Amino acid sequence: MSSGSGSLMWFRKGLRIHDNPALEYASRGTTRVYPLFVIDPHYMEPDPNAFSPGSTRAGINRIRFLLDSLADLDSSLKKLGSRLLVLKGEPSQVLIRCLNEWDVKKLCFEYDTDPYYQALDNKVKNYASAAGIEVFSPVSHTLFNPADIIEKNGGRPPLTYQAFLKLAGEPSWASSPLSVELSSVPPVGDVGTCEISQVPTLKELGYEEEDQDEFTPFRGGESEALRRLRESLSDKEWVANFEKPKGDPSAYKKLATTVLSPYLKFGCLSSRYFYQCLKDVYKNVKRHTSPPVSLVGQLLWREFFYTVAFGTPNFDKMKGNKICKQIPWNDDDKLLAAWREARTGYPWIDAIMVQLRKWGWMHHLARHSVACFLTRGDLFVHWEKGRDVFERLLIDSDWTINNGNWLWLSCSSFFYQYNRIYSPISFGKKYDPNGNYIRHFLPILKDMPKEYIYEPWTAPLSVQTKAKCIIGRDYPKPVVSHDTASKECKKKMGEAYALNQRLNGVVSEEDLRKLRRKSDEVDEEQEPKPRRLRQKLIK
DNA sequence: TAATGGTTGATGTC
DNA sequence: GACATCAACCATTA
């Protein structure tokens, strides 16, 4: 209540001690701090109807990563004289109850641009303000405040990376030291009748024991984030010469990137601290790469997408999204399922989808391959469907970045060269001619000779037999022929682009239906008639 | 209005 | 390994 004297520190992302302005503010000038995390059952508890182990919203790997992060945060808070209070329930209800029952005069939490948090935070903020509780909600998830960039650009987000760079410049805090140390946190106050629990284990949340092999090799938490950061930064040459597009997507033993994305997503690692560390490395080397390809460039891509997403209504949809091309995607659940379940019959694609299941992480270019294949490259399935699969299964899935990249890859926004299609055969081959990556994630193909491993359906039956993998029985035949499917996709994209141009982006449901019908008719003309029908015609 | 440049394609030629 | 070709996109800038 307004008469309170303590602070409530509400953790959501930003699961860290270092560079955490909300926590710092909560700890200042007060004798009691309540560090709270709310477990939303919808996000955390098992949903037996979901297509993979996990909750309604998240796959088990990301839930595990989050639990690791919470346990690590709790342990760090304990070292500072505090602890993490875990409560279960619908977050706004839980928050409001805590504000009512506890001795709170300040409510502190990191500002969040995701629509989910915008709505939730407004509810909580309104309640707190009405109750006379001070609200402190700083921007610390990103380097910049997206609203500032949009304002600088006259109220509209920049739509190219280069335009973004010019507007953004150096972040305002770049030259002053960040507060990365916190010596203590005031003790927890009286929690009244609230049922506080420990950070649960997966088992306590109701998950079955899973085979260890099914879990991601990446552990969550700030400690692990900082360890990984230091490990990456220790190779100064590597940091200085980093060029993202030159990374090898098929590398699975020594990875081509830092794999700090999941830690940035949950805020186990501060993007600002990461930025400063990188700049420190640059200062001490003769030359270094630059955005967009450098490591700093990667952080700025994140900022770019955060800015556009924040300034674009319906950013996560095709309909009602002003920057999204309206394209007559199909709704083929069989093709979607084949892609999702790693049985497209293209080993390069399927291996990547297995890595997604098992690790919850793949190289950026591997993501490109499978996203292109599902949408504009081969299957012509709606990007929103692929987005949903990634959102669930990735440990680093971030609402803004995931949607931004699906818009990009499907040539719906940002990138428009739909003629450039990743080949599901030759793209992987150029990095990994022996197919080691495929053999690792698709062991059924481990004895397939390298001449056939990217196209096993072309292997003579004797070779298939010797490799103990009969195509069509042990491993599926291709769901589509890449040559014909990709040609058709290009044609459909061309038609859709022409329509968008003609109608100036205002494309109705009916327009899309017409376009779908039109291309179906053309298909029928070109496709050979089914054999029986043809025989009838011959008679 | 026209010119410019764009994180990461595939293929064939030299 | 570099380059042109494919076909011709877009947002931004001059």
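These lines cover the structure that appears in this document, whether it is placed above or below. (Residues numbered from 1 in each chain as written. Chains lettered and ligands numbered in written order. Predicted model: local features only at pLDDT ≥ 70, side-chain atom pairs only at ≥ 80, totals over all residues. Heavy atoms only, no water.)

## Thoughts on the packing of aromatic side chains
Thinking step 1. On inspection of all chains with the given rule, the structure shows 38 aromatic pairs.
Thinking step 2. Ring centres of Trp301 and Phe304 lie 5.8 Å apart, and the angle between their planes is 80°; on these two criteria the pair is classed as edge-to-face. Here the residue Trp301 and the residue Phe304 both occupy positions in helix 12 (residues 295–310), the gap between them amounting to 3 residues, near one helical turn.
Thinking step 3. The buried category is assigned to Phe304, whose relative accessible area is 1%.
Thinking step 4. Seen in terms of ring centroids, Trp359 and Phe441 are 5.6 Å apart; in terms of plane orientation they differ by 75°. Their pairing is edge-to-face. Taken together, the residues Trp359 in helix 14 (residues 347–359) and Phe441 in helix 19 (residues 436–441) connect sequence positions 82 residues apart. The residues Trp359 and Phe441 share a single accessibility class, namely buried.
Thinking step 5. Feature note: the residues Phe218, Tyr252, Trp348, Trp359, Trp361, Tyr422, Phe427, Tyr431, Tyr437 and Phe441 constitute an aromatic cluster, connected by ring pairs.
Thinking step 6. Between Lys106 and the ring centre of Tyr25, over which it is positioned, the NZ or CZ distance is 4.4 Å.
Thinking step 7. The aromatic ring of Tyr497 is capped on one face by Lys325, whose charged end is 5.2 Å from the ring centroid. (Phe/Tyr/Trp six-rings, centres within 6.5 Å; stacked < 30°, edge-to-face > 60°. Helix = DSSP H or I, 4+ residues; strand = E, 2+ residues; numbered from the N terminus. Buried < 20%, exposed > 50% of the residue type's maximum accessible area, 1.4 Å probe, protein only. Lys NZ or Arg CZ within 6 Å of the ring centre and 35° of its normal.)

## Details of the packing of helix 11 (residues 271–283) against helix 12
Thinking step 1. It is at 9 Å that the axes of helix 11 and helix 12 come closest, and there the two elements cross at 155°. Looking at the two axes, helix 11 sits roughly antiparallel to helix 12. Between helix 11 and helix 12 lies a crossing whose hand is left-handed. Here helix 11 contributes Ser271, Phe274, Tyr275, Leu278, Lys279 and Tyr282 to the contact with helix 12, which in turn contributes Leu295, Val296, Leu299 and Arg302.
Thinking step 2. Here the residues of the contact of helix 11 with helix 12 are counted per class, giving 7 nonpolar, 1 polar and 2 charged. (Axes fitted to C-alpha atoms, helices over the stretch in contact; angles between N-to-C directions. Parallel < 35°, antiparallel > 145°, perpendicular 65-115°, else oblique. Left-handed = near helix turned anticlockwise from the far one by under 90°. Contact = heavy atoms within 4.5 Å. Nonpolar A, V, L, I, M, F, W, Y, C, P; charged D, E, K, R; others polar.)

## Points about the pairing of strand 1 (residues 6–11)
Thinking step 1. Of all 6 residues making up strand 1, 6 are buried, and the element is well covered by its neighbours.
Thinking step 2. Relative to strand 4 (residues 104–108), strand 1 is paired through 4 bridges, and the arrangement is parallel. What sits directly across from Ser7, in strand 4, is Lys106.
Thinking step 3. Sheet topology places strand 1 next to strand 2 (residues 33–39); 5 bridges connect them, and they run parallel. By the bridge assignment, Met9 is partnered in strand 2 with Pro35.
Thinking step 4. Taken together, strand 1, helix 1 (residues 21–27) and strand 2 constitute a β-α-β crossover, and its handedness is right-handed. (Pairing = 2+ DSSP bridges. Right-handed = clockwise from strand over helix to strand, strands pointing away.)

## Here we look at the nonpolar core
Thinking step 1. By size, the foremost hydrophobic cluster in this structure holds 142 residues, and its most contacted members are Phe11, Leu84, Phe218, Leu269, Trp339 and Met448.
Thinking step 2. When sequence neighbours within four positions are dropped, the list of residues in contact with Phe218 reads Phe65, Arg228, Leu255, Val259, Tyr263, Trp359, Trp361 and Ile395.
Thinking step 3. In terms of nonpolar packing, the next biggest core, distinct from the first, is built from 23 residues, Leu95, Val104, Phe109 and Val191 among them. (Core = buried A, V, L, I, M, F, W, Y, C linked by side-chain atoms within 4.5 Å.)

## Describing the sheet that holds strand 1
Thinking step 1. Pairing is parallel in the open sheet, where 5 strands are placed in the order 3-2-1-4-5. The sheet is open, and its two edges are formed by strand 3 (85–88) and strand 5 (134–136), each paired on a single side. The mean inter-strand angle of the sheet, taken between neighbouring strand axes irrespective of direction, is 30°.
Thinking step 2. Both strand 4 and strand 5 contribute to a ladder of 3 bridges, which runs parallel. In the strand pairing of strand 5, Leu107 is matched with Val135.

## A word on the packing of helix 7 (residues 161–168) against helix 12
Thinking step 1. Between helix 7 and helix 12, the least distance of the axes is 10 Å, while the angle of their chain directions is 95°. Classified by the interaxial angle, the pair formed by helix 7 and helix 12 is roughly perpendicular. On helix 12, the residues touching Tyr161, Phe164 and Leu165 of helix 7 are Gly297, Leu300, Trp301, Glu303, Phe304 and Thr307.
Thinking step 2. Looking at the contact of helix 7 with helix 12 residue by residue, the classes come out as 6 nonpolar, 2 polar and 1 charged.

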